[in-house]
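Take a look at the letters that make up each chain.
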Amino acid sequence: MTGLSILDLTPVRQGGDAATALRETLTLAQLADSCGYHRYWLVEHHATAGVAGAATAVVIGHIATHTKTIRVGAGGVMLPNHAPLVVAEQFGTLAAFHPGRIDLGLGRGIARDPATMQALRRQPNDAAAFPADVQELLAYFDGRGPVKAVPGEGADVPVWILSSSLGGAQLAAAMGLPYAYASHFAPDQLDVALAAYRGRFQPSARQEKPRVMLSLTAIVADTDAQAQLLFSSAQHASDGKLPPPVPDYLASIAADRAAIIQKMFRHAAVGSPDTVARALDAFRERYKPDEIIVTAQIHDLAARLKSFEMLAKIAAA
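**Looking at helix α5 (residues 130–142)**
Residues that lie three or four places apart on an α-helix share one face, since the helix turns once every 3.6 residues.
Inference 1: With 13 residues, α5 should reach 18 Å at 1.5 Å per residue; the first-to-last C-alpha distance of 18 Å fits that figure.
Inference 2: Considered for burial, the residues of α5 that qualify are Phe130, Asp133, Val134, Leu137, Leu138, Ala139, Tyr140 and Phe141.
Inference 3: Those residues of α5 that are buried lie in contact with α3 (84–97), β4 (102–107), β5 (159–163) and α6 (166–175).
Inference 4: Immediately downstream of α5, the backbone of Gly143 shows phi near 80°, a positive value.

**Digging into the nonpolar core**
Inference 1: By size, the foremost hydrophobic cluster in this structure holds 84 residues, and its most contacted members are Phe91, Leu104 and Leu311.
Inference 2: If one sorts the elements of this core by residue count, helix α11 (residues 301–316) sits on top with seven residues.
Inference 3: Among all residues touching Leu311, those that are not within four sequence positions of it are Leu4, Tyr37, Ala218, Val220, Val276, Leu280 and Val294.
Inference 4: Counting residues in hydrophobic clusters, the runner-up holds 10 residues, among them Val43, Trp160, Ala180 and Ile293.

**A few points about the pattern of salt bridges**
Inference 1: Counted under the stated rule, the structure contains 15 salt bridges.
Inference 2: For Asp103, the salt bridge identified is with Arg71, shortest N-O distance 2.8 Å. Of this pair, Asp103 sits in strand β4 while Arg71 sits in strand β3 (residues 71–78), placing them 32 residues apart in sequence.
Inference 3: Accessibility expressed as a relative area gives 16% for Arg71, which makes it buried.
Inference 4: Between Lys148 and Glu153 there is a salt bridge, with the nearest N and O atoms lying 3.3 Å from each other.
Inference 5: Take Lys148: its relative accessible area is 57%, and that puts it in the exposed class.
Inference 6: Accessibility expressed as a relative area gives 37% for Glu153, which makes it partly exposed.
Inference 7: Shared partners join several salt bridges into a network, and the residues in it are Arg39, Arg71, Asp103, Arg211 and Glu291.

**Some thoughts on the packing of helix α1 (residues 18–35) against helix α2 (residues 56–65)**
Inference 1: Relative to each other, α1 and α2 sit at 45°, their axes nearing to 10 Å. With respect to each other, α1 and α2 are oriented oblique. The element α1 and its partner α2 pack so that their crossing is right-handed. In this structure, α1 contributes Leu22, Thr25, Leu26 and Ala29 to the contact, and α2 contributes Val59, His62 and Ile63.
Inference 2: Looking at the contact of α1 with α2 residue by residue, the class counts come to five nonpolar, two polar and no charged.

**Concerning the environment of Leu79**
Inference 1: When you line up the elements, Leu79 lands in the loop between β3 and α3.
Inference 2: Along the backbone, Leu79 and Lys148 are 69 residues apart, and their C-alpha atoms lie at a distance of 19 Å.
Inference 3: Apart from residues lying up to four places away in sequence, Leu79 is in contact with Pro84, Val87, Leu106, Gly107, Phe130, Asp133, Val134 and Leu137.

**As for the environment of Arg39**
Inference 1: Residue position: Arg39 is located in strand β2 (residues 39–42).
Inference 2: Counting along the chain gives 34 residues from Arg39 to Ser5, while the straight-line C-alpha distance between them is 4.7 Å.
Inference 3: Filtering out sequence-adjacent residues up to four positions away, Arg39 remains in contact with Leu4, Ser5, Ile6, Ile70, Arg71, Asp103, Trp160, Arg211, Met213 and Glu291.
Inference 4: Of the polar contacts made by the side chain of Arg39, one reaches the side chain of Asp103; its length is 2.8 Å.

**Concerning the packing of aromatic side chains**
Inference 1: Scanning the model with the defined rule gives seven aromatic pairs in all.
Inference 2: For the pair Tyr37 and Phe308, a centre-to-centre distance of 6.3 Å together with 80° between the ring planes defines the contact as edge-to-face. A residue pair is termed long-range when its members are at least 10 positions apart, and Tyr37 in the loop between α1 and β2 and Phe308 in helix α11 qualify at 271 residues. There is no split in this pair, since Tyr37 and Phe308 are both buried.

**Regarding the side chain of His267**
Inference 1: You can see His267 is positioned in the loop between α9 (255–264) and β8 (268–271).
Inference 2: On the basis of relative accessible area, His267 is assigned to the buried category, the value being 8%.
Inference 3: Not counting chain neighbours up to four residues away, the residues in contact with His267 comprise Ser183, Pro187, Leu190, Leu216, Thr217, Phe283 and Tyr287.

**Some points on α2**
Inference 1: Counting buried positions along α2 gives seven out of 10 residues, so the element sits mostly inside the fold.
Inference 2: Within α2 the residues assigned to the buried category are Thr56, Ala57, Val59, Ile60, Gly61, Ile63 and Ala64.

Thresholds, definitions, all that
- Residues numbered from 1 in each chain as written.
- Predicted model: local features only at pLDDT ≥ 70, side-chain atom pairs only at ≥ 80, totals over all residues.
- Heavy atoms only, no water.
- Helix = DSSP H or I, 4+ residues; strand = E, 2+ residues; numbered from the N terminus.
- Expected span 1.5 Å × (residues − 1).
- Buried < 20%, exposed > 50% of the residue type's maximum accessible area, 1.4 Å probe, protein only.
- Contact = heavy atoms within 4.5 Å.
- Core = buried A, V, L, I, M, F, W, Y, C linked by side-chain atoms within 4.5 Å.
- Salt bridge = Lys/Arg side-chain N within 4 Å of Asp/Glu carboxyl O.
- Axes fitted to C-alpha atoms, helices over the stretch in contact; angles between N-to-C directions.
- Parallel < 35°, antiparallel > 145°, perpendicular 65-115°, else oblique.
- Left-handed = near helix turned anticlockwise from the far one by under 90°.
- Nonpolar A, V, L, I, M, F, W, Y, C, P; charged D, E, K, R; others polar.
- Polar contact = N/O pair within 3.5 Å; in protein donor to acceptor, adjacent residues only side chain to side chain.
- Phe/Tyr/Trp six-rings, centres within 6.5 Å; stacked < 30°, edge-to-face > 60°.

Encoded structure:
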């Protein structure tokens, strides 16, 4: 199952808390490891009640320690929140503990409220320095930085550029790095971003040819109706804790709101095993990704685990 991975958004469920969410993340990661998923990536969010993934490197270390073979990484670290040297040291440390299993996906992040930006010691427009920060981070790994990253220098850590827009695709192409696009929530620029990345890619010491990973919401249940019910949690989620499913959710809201949700989630494989298998085949045929990384915001842990287990069987068939 080389081409199928998991993006865990570390959801905090209504009725639960962050500690429970992190324990559930470990449970899912261990299932993914046993089912043969290729990578298990964790997110970075701050001051968000519905997401437990704030200390990304810490969570990665815990997951890698308690799994066996699956690659574990960041999907991703929002580099403007951190000094590049510190990120190099953190991921160099992770790679020292878990050789050949650590990935580093880098993103600009999104603009947050002023209080959160201040708490992160962010400055206005500092995301504009993202390309230079990526270059600096790579220099630490390659031993070309202004100081030595110890650990970090010489670490075997694949670096990916993550984005939900054209800008990230252009940067990944110019730097010769693998590229991951957030098609699970930002489908609008997918086609133009892929064309730009593949068409402008410059080979580098890290990557000889373009390598694309696309994210996709994937929810599998015994029937289409059951899967759609589970999917409703993601459809009416906000920055708050992940809500329980709502029967016939789209039919219960205004038509214009329902249309926005359907457009945002148009790259989703939701249904019975046969339905999801067809959706995955169609997605692969259209976009030809080298890898697919799937996410599933499912309120019930048992249903979430079952969905990923069923998805692994589909991919292996």
